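Working through the structure, step by step
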Amino acid sequence: MHIAEGFLPPAHAVAWGVASAPFVVHGARSLTREVREHPESTLLLGASGAFTFVLSALKLPSVTGSCSHPTGTGLGAILFRPPVMAVLGTITLLFQALLLAHGGLTTLGANVFSMAIVGPWAGYGVYRLLRRYGVPLMVAVFSGAFVADLSTYCVTSVQLALAFPDPAGGFLGALGKFGSIFAVTQIPLAVSEGLLTVLVMRMLVQSSRGELTRLGVLVASAAGRKRAESAGAVAR
């Protein structure tokens, strides 16, 4: 969903940048607090950022001036919450624009809004809703990653339709065209990303159970909670 350099009208590029800025600033504060309070999470944060970078660099040509690809933001949103992903996603998009000519600096705000803000929030919202109603973890993880990917493509379709309304159908006509063209590649990609995110989460459950419990992804067992309480009592 990276919109290419110079493709958006200047006014649109500036507007999306202004809309994205507060989320990125808030995310930077959340990320700083996470690293300061829990330095042991640095490795998992780096892995989440790398996951986003690698997946979102796998692009397929789509609508003129854009492309389809996985986003990789669902995993980080589930682990560290959406504000942190606003920063990790922005860093990813900035590096891709500078090093891979994927996206661009003038369209950075628009790409950040769709992939690093709306995608993580939508995916995390679905994940939390399903977990609240007792849906198994891996089903919720798949759904969150799927929605994070698909909602990004929906927002990009809106951005392009606003910038380039159809001469006959206006905004809605353009939205239908952009959305239908994106859907051909993006829906299978969203399914694939959901499955891959489940595989990664399974590995994390095996290798980083303690960290996932601290982050609230896994629920501590009664025995584990008792040991933690006992350790806290001894420390006091």
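Keep in mind that what you see is a predicted model, and the values were worked out from it rather than measured.

1. Concerning the environment of Ala97
As for its placement among the helices and strands, Ala97 is situated in helix α4 (residues 82–99). Sequence separation between Ala97 and Ala4 is 93 residues; the distance between their C-alpha atoms is 8.9 Å. With residues near it in sequence (within four places) discarded, Ala97 still touches His102, Gly103, Gly104 and Leu105.

2. As for the pattern of salt bridges
In total, this model carries four salt bridges according to the counting rule given. Across the pair Arg214 and Glu40 runs a salt bridge, and its minimum N-O distance is 3.7 Å. Separated by 174 residues along the polypeptide, Arg214 in helix α8 (residues 209–214) and Glu40 in the loop between α1 (10–37) and α2 (42–56) bring together distant segments of the chain. When its relative accessible area of 31% is taken as the criterion, Arg214 is described as partly exposed. Between Glu211 and Arg214 there is a salt bridge, with its nearest N and O atoms 2.7 Å apart. Remark: Arg214 and Glu211 occur in helix α8; sequence separation between them is three residues, near one turn of the helix. Given a relative accessible area of 15%, Glu211 falls into the buried group. In the salt-bridge network here, residues are joined through shared partners; they are Glu34, Glu40, Glu211 and Arg214.

3. Brief notes about the packing of α2 against helix α7 (residues 170–207)
Contact pair α2 / α7: the axes reach a minimum separation of 13 Å and the direction vectors enclose 160°. Accordingly, the angle class assigned to the pair α2 and α7 is roughly antiparallel. Like other packed secondary-structure pairs, α2 and α7 cross with a definite hand, here right-handed. Facing Leu44, Phe51 and Leu55 of α2, the residues of α7 in contact are Glu193, Leu196, Thr197, Val200 and Leu204. Along the lines of polarity and charge, the residues of the contact of α2 with α7 split into six nonpolar, one polar and one charged.

4. Quick look at a nonpolar patch on the surface
On the surface, Ile91, Leu94, Phe95, Leu98, Leu99, Leu100 and Leu105 cluster together into a nonpolar patch covering about 660 Å² of accessible area. When you line up the elements, Leu99 lands in helix α4. For Leu99, a relative accessible area of 59% corresponds to the exposed category.

5. Focus: unusual backbone geometry
A positive phi angle is found at Arg81, which is not glycine, with a value near 80°. By the secondary structure assignment, Arg81 is in the loop between α3 (73–80) and α4. Of note in this structure, Ala101 is not a glycine but carries a positive phi near 55°. Along the chain, Ala101 falls in the loop between α4 and α5 (108–132).

6. Remarks on the UniProt feature "transmembrane region" (unreviewed entry) in the chain
Feature annotation in UniProt assigns "transmembrane region" (unreviewed entry) to the following positions: residues 41–58, 79–102, 108–127, 139–161 and 181–205. Taken end to end, residues 181–205 is 100% helix and 0% strand, and its first and last C-alpha atoms sit 37 Å apart.

7. Looking at the nonpolar core
Of all hydrophobic cores here, the largest spans 29 residues; its most connected members are Leu79, Tyr127, Leu137, Met201, Leu212 and Val217. The set of elements that each furnish at least two residues to this core consists of α2, α3, α4, α5, α6 (137–163) and α7. Contact partners of Met201, with chain neighbours within four places excluded, come to Leu75, Ile78, Leu79, Met138, Val141, Leu212 and Val217. One finds Leu8, Met115, Phe178 and Ala183 within the second-largest nonpolar core, a separate group that totals 23 residues.

8. Concerning the side chain of Thr73
Locating Thr73 in the fold gives a position in helix α3. Every residue in contact with Thr73, bar those within four places of it in the chain, is listed here: Thr52, Met85, Met115, Gly119, Pro120, Ala148 and Glu193.

9. Observations concerning α4
In this model, α4 (18 residues) spans 25 Å end to end at C-alpha, consistent with the 26 Å of a helix rising 1.5 Å per residue. Most of α4 is tucked away, with 13 of its 18 residues classed as buried. With its phi angle positive at about 55°, Ala101 sits one or two positions after the end of α4.

Reading the values: rules and limits
Numbers given to residues run from 1 along each chain, matching the order in which its sequence is written. Restriction of local features to residues with pLDDT of at least 70 applies here, the model being predicted, together with a cutoff of 80 or more for giving and counting side-chain atom pairs; totals for whole chains, interfaces and linings are based on all residues. With hydrogens and water stripped out, all remaining heavy atoms of the structure feed into the side-chain values. For helices the rule is a DSSP run of H or I covering at least 4 residues; for strands it is a run of E covering at least 2, with both sets numbered from the N terminus onward. Contacts: residue pairs with any heavy atoms within 4.5 Å of one another. By definition, a salt bridge exists where a carboxyl oxygen of Asp or Glu is found within 4 Å of a side-chain nitrogen of Lys or Arg. The buried label applies to any residue whose accessible area, calculated with a 1.4 Å probe on protein chains only, is under 20% of its type's maximum; exposed applies above 50%, and partly exposed to all values in between. Here, axes are lines fitted to C-alpha atoms. For helices the fit covers the stretch in contact, and angles between N-to-C directions go from 0 to 180 degrees. Each angle is binned into one of four classes, with values under 35 degrees roughly parallel, values over 145 roughly antiparallel, values of 65 to 115 roughly perpendicular, and all other values oblique. Two helices cross in a left-handed way if the nearer one is turned anticlockwise from the farther one by less than a right angle. They cross in a right-handed way if the turn is clockwise. As a working rule, the residues Ala, Val, Leu, Ile, Met, Phe, Trp, Tyr, Cys and Pro are called nonpolar, Asp, Glu, Lys and Arg charged, and the rest polar, with Gly in that last group. Each patch is built from salt-bridge-free residues with over 30% relative accessible area, joining like charges within 9 Å and nonpolar side chains (Val, Leu, Ile, Met, Phe, Trp, Tyr) within 5 Å. Surface exposure here means Shrake-Rupley accessible area, sampled with a 1.4 Å probe, where a residue is shielded only by the protein chains that are shown. UniProt positions are given in the numbering used here, feature names are shortened, and annotations may be inferred rather than shown by experiment. As used here, the term nonpolar core means buried Ala, Val, Leu, Ile, Met, Phe, Trp, Tyr and Cys residues forming a set that is joined through side-chain atoms within 4.5 Å. In this scheme, a helix's expected span is set at 1.5 Å multiplied by one less than its residue total.

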